[in-house]
Amino acid sequence: MTNTYIPPAVWTWDKESGGKFANINRPVSGATHNQELPVGKYPLQLYSQNTPNGIKVAIMLEELLAAGHSGAEYDAWLIEIGKGDQFGSGFVAINPNSKIPALVDYSGHQPQRVFESGAILMYLAEKFSAFLPATGTARTECLSWLFWQVGCAPYLGGGFGHFYAYAPEKWEYPINRFAMEAKRQLDILDKHLAIHQYIVGDNYTIADMAIWPWYGCLALDELYHNAGTFLSVSDYRHLQRWARQISERPAVKRGRCVNGTSDSPSALRERHDASDFDRLNIR
Ligand SMILES: N[C@@H](CCC(=O)N[C@@H](CS)C(=O)NCC(=O)O)C(=O)O
């Protein structure tokens, strides 16, 4: 590499560091402005955007509804992270980490906030006794893979995705480092899915719902522009099979539209009723 950086003794904040998210990144936490969160008619209020972490929860809620859990009806409000909505006072109050997704459950005596996508999936699975095996090896496997995903995603998103797609310039060293790690992770899943239908054997669980939005979408070449070709994702045949199978689920098709920001006919900025999907062009 030619442009070698010599770190100063003390790091200072370079506001002009560039990159897609430079305008919203700061070295401090907390709210930047007052912005109350809207509250809709259902006990479950989701505040999110349809990024890979965001759609995990919308997919879970749609799967719960599809499985007949009418108590999983929800309002989904758009938190536009590119515009800094995650730093509004109302959002920071339900997630001090200022990242989507976050959920508030108003069904109990006190409103219950839940943040971190893995924690939200587990909270909903336990609340409805669904998509998480109750005991034994299957439950332990499910939670192992759920936490595997939450731990690995920063390498795929913050590492590979950032340097391949969002950094102001392409640098070989970080792209190489994180492409290697992304392929290692894809290979783990491919080998596992060669002998399992779903992540936890025969049952579709919250582990699939957490892993698919990242690794399933990457396998389908829907995550970062051209990344599928770059990482030769078609080589991972078993992962491909699983990724396509999950993508065909009607609840997954609906969930990934929720809190979409684009002008595309499959983006639903807010979701307040099952009928909201009727006007979408869901493939
Ligand atoms: N570990 C968190 C990560 C959430 C996360 O990174 N969310 C991103 C979108 S995918 C976000 O809100 N980014 C906005 C920001 O970093 O300011 C989770 O799984 O919920």
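All figures in this text were calculated on a predicted structure; none of them were measured in a lab.

The next subject is the domain arrangement of the protein chain. Splitting the protein chain by domain gives domain 1 (44-131 + 256-279) and domain 2 (136-247). For domain 1 versus domain 2, the separation of C-alpha centres amounts to 22 Å. The interface of domain 1 with domain 2 comprises twelve residues on the first partner and eleven residues on the second. In terms of residue count, helix H1 (residues 52-66) provides more of the side of domain 1 that touches domain 2 than any other element does, six residues in total. Across the side of domain 1 that touches domain 2, the residue classes break down as eight nonpolar, two polar and two charged.

This brings us to the sheet that holds strand E4 (residues 112-115). In spatial order, the strands read E2-E1-E3-E4; together these four strands make up an open sheet with mixed pairing. The sheet terminates laterally at strand E2 (74-78) and E4, the two strands that pair on one side only. Taking the axes of each pair of neighbouring strands and ignoring which way they run, one obtains an average angle of 20° across the sheet.

This part is about the pairing of strand E3 (residues 102-105). Here strand E1 (residues 44-48) pairs with E3 via four bridges, running antiparallel. For Leu-44, the partnering residue across the bridge sits in E3 and is Asp-105. Pairing between E3 and E4: four bridges, direction antiparallel. Paired with Val-104 across the strands is Arg-113, a residue of E4. Taking the residues between adjacent antiparallel strands as the criterion, E3 and E4 are bridged by six residues.

Leu-46, Met-60, Leu-121, Ile-206, Ala-207 and Leu-239 are the most contacted members of the largest nonpolar core, which has 69 residues in total. Broken down by element, the residue count for this core peaks at eleven residues, all from helix H6 (residues 206-219). Shared between two domains, this core holds at least three residues of each, these being domain 1 (44-131 + 256-279) and domain 2 (136-247). Setting aside residues up to four positions removed in sequence, Ile-206 forms contacts with Met-60, Leu-121, Met-122, Ala-125, Phe-131, Leu-132, Cys-142 and Leu-146.

To continue, consider the packing of helix H5 (residues 172-194) against helix H8 (residues 237-247). Axis separation between H5 and H8 bottoms out at 7 Å; the angle between their running directions is 80°. As summarised for this structure, H5 and H8 are arranged roughly perpendicular, according to the angle between their axes. Contact with H5, carried on its side by Leu-186, Leu-189, Asp-190, Leu-193 and Ala-194, involves His-238, Leu-239, Arg-241 and Trp-242 of H8 and no other residues of that element. A breakdown of the residues in the contact of H5 with H8 according to their chemical character gives six nonpolar, one polar and two charged.

Bringing the site of the ligand into the picture now. Near the ligand you find 13 residues, and of these Thr-51, Asn-53, Ile-81, Lys-99 and Ser-117 are the closest. Every element with two or more residues in the shell around the ligand is listed here: H1 and helix H3 (117-128). Residue composition of the shell around the ligand, grouped by class: five nonpolar, six polar and two charged.

Let's shift gears to H1. Taking 1.5 Å per residue, 15 residues should reach 21 Å; H1 reaches 21 Å between its end C-alpha atoms and fits that length. Counting buried positions along H1 gives 13 out of 15 residues, so the element sits mostly inside the fold. Immediately beyond the C-terminal end of H1, within one or two residues, lies Gly-68, with a positive phi of roughly 95°.

All right, on to the packing of helix H4 (residues 136-166) against H5 then. Each pair of packed helices can be summarised by the angle the axes make with each other and by the distance between the axes. Across the interface, H4 lies against H5 with an axial gap of 9 Å and an inter-helix angle of 140°. As summarised for this structure, H4 and H5 are arranged oblique, according to the angle between their axes. Crossing handedness for the pair H4 and H5: left-handed. Residues Cys-152, Tyr-155, Leu-156, Gly-159, Phe-160, Phe-163 and Tyr-164 of H4 touch H5, and the partners they reach there are Pro-174, Ile-175, Phe-178, Ala-179, Glu-181, Ala-182 and Gln-185. The residue makeup of the contact of H4 with H5, split by class, is eleven nonpolar, two polar and one charged.

Definitions and limits used
Residues numbered from 1 in each chain as written. Predicted model: local features only at pLDDT ≥ 70, side-chain atom pairs only at ≥ 80, totals over all residues. Domains from an automatic or database assignment. Contact = placed C-beta atoms within 7 Å. Helix = DSSP H or I, 4+ residues; strand = E, 2+ residues; numbered from the N terminus. Nonpolar A, V, L, I, M, F, W, Y, C, P; charged D, E, K, R; others polar. Pairing = 2+ DSSP bridges. Axes fitted to C-alpha atoms, helices over the stretch in contact; angles between N-to-C directions. Core = buried A, V, L, I, M, F, W, Y, C linked by C-beta atoms within 7 Å. Buried ≥ 20, exposed ≤ 12 C-beta atoms within 10 Å, placed from the backbone. Parallel < 35°, antiparallel > 145°, perpendicular 65-115°, else oblique. Near = placed C-beta within 6 Å. Expected span 1.5 Å × (residues − 1). Left-handed = near helix turned anticlockwise from the far one by under 90°.

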